[in-house]
Amino acid sequence: MAISSFSKRALAVAVMAAGLSACGSDDEQIVILPPDTLEYEVTIYNDTSAQPLSPAVVGIHSATMSLWTLGTSASVPLETMAEGGDASDIAAMFTDDNVAVTGAGAIGPGAYETLMISASERSDMQLSLATMMVNTNDAFTGLNGIDIGGLMVGDSMTYSLPAYDAGTEQNSEAVGTIPGPADGGEGFNAARDDVMNKVSRHPGLVTQADDPASVLLPDHRLSGTVGRVVITRTN
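None of these values were measured; they are calculated from a predicted model.

J.: Quick rundown of the sheet that holds strand β1 (residues 37-46)? Include the residues and the values.
T.: On the basis of which strands lie adjacent, the open sheet formed by four strands has the order β4-β1-β10-β7 and antiparallel pairing. Only two strands of the sheet have a single neighbouring strand rather than two, namely β4 (112-120) and β7 (156-162). Going across the sheet, the axis of each strand differs from the next one's by a mean of 20°, ignoring polarity. Where β7 meets strand β10 (residues 225-233), seven bridges bridge the pair, whose relative direction is antiparallel. Following the sheet pairing, Ser-160 is matched in β10 by Arg-228.

J.: Mind laying out the packing of aromatic side chains, listing which residues take part and the relevant values?
T.: Under the criterion given, the structure shown has four aromatic pairs. With centroids separated by 5.3 Å and ring planes inclined at 35°, the aromatic side chains of Tyr-45 and Tyr-112 adopt a geometry described as tilted. Here Tyr-112 lies in strand β4 and Tyr-45 lies in strand β1, a separation of 67 residues in the sequence. A centroid spacing of 5.0 Å and a plane angle of 75° characterise the contact between Trp-68 and Phe-140, whose relative ring orientation is edge-to-face. With a gap of 72 residues between them, Trp-68 in the loop between β2 (57-61) and α2 (76-84) and Phe-140 in strand β6 (residues 139-147) connect regions that are remote in the sequence. Exposure remark for Trp-68: the relative accessible area of 7% places this residue in the buried category.

Reading the values: rules and limits
- As a convention, each chain's residues are numbered from 1 in the sequence order in which they are written.
- Per-residue local features are limited, in this predicted model, to residues with pLDDT of at least 70; the limit for side-chain atom pairs, both in listing and counting, is 80 or more; totals at the level of whole chains, interfaces and linings are taken over all residues.
- Side-chain metrics rest on all non-hydrogen atoms present in the structure, leaving aside hydrogens and water.
- Only strands that DSSP links by at least two bridges are regarded as paired with each other.
- Under the scheme used here, helices are H or I runs from DSSP no shorter than 4 residues and strands are E runs no shorter than 2 residues, and both carry numbers assigned from the N terminus.
- Axis lines are fitted through C-alpha atoms, for helices just across the contact stretch, and the angle between N-to-C directions can take any value from 0 to 180 degrees.
- Note on ring pairs: Phe, Tyr and Trp rings are taken, using the six-membered ring of Trp, and paired if centres are within 6.5 Å. Classes follow the plane angle, with under 30 degrees stacked, over 60 edge-to-face and the rest tilted.
- For the exposure calls, accessible area comes from a 1.4 Å probe over protein chains only, and a residue counts as buried if that area is under 20% of its type's maximum, exposed if over 50%, partly exposed in between.

Written out as structure tokens, the structure is:
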């Protein structure tokens, strides 16, 4: 049977009081009970017709951490993922009490993946995730700093996944510039040739229907959101 937060606090007080009364010594140390470990199930749905999503990174962190900010330059870890699909540098950003997990592989069109992640309970619990749309130059999607502190066991939250532009590589959609199966071209390049050089909502993809020089077919187009995420607290 689950113990309420009030009952846990009462139990902790009782344990500490018993320790103090039994010893009566100024040298006795009060044992602080360890924080609870909370577990979450994160299911990522790819709702596109022809855009695989790169292996996703999901993390739980404090309110002081942010994976990106609209209108500002992308970090190198975000650039690396948005251009080449490698989220390892983003996962490495989750240090100290922040934790992250990475998906087993790409999430194909119409498919989904469920990741489990756990973290110690604290006052500011936020969840973020990021994944590249691999048939693009530097488009990505994800969630940035979703407050999950109020979720009780069994509660769920559902979010739509919009398309973002990292602003680090020109959206030419030309041969040799896209790492995904539509082209098999270049992935991450440290040089930034997008004059925007800031994270923004993605303006849309240029396909062969718009420009014959594009390697993308009409079904690679983006329209509104590209997927969904369901976050469920399981423990």
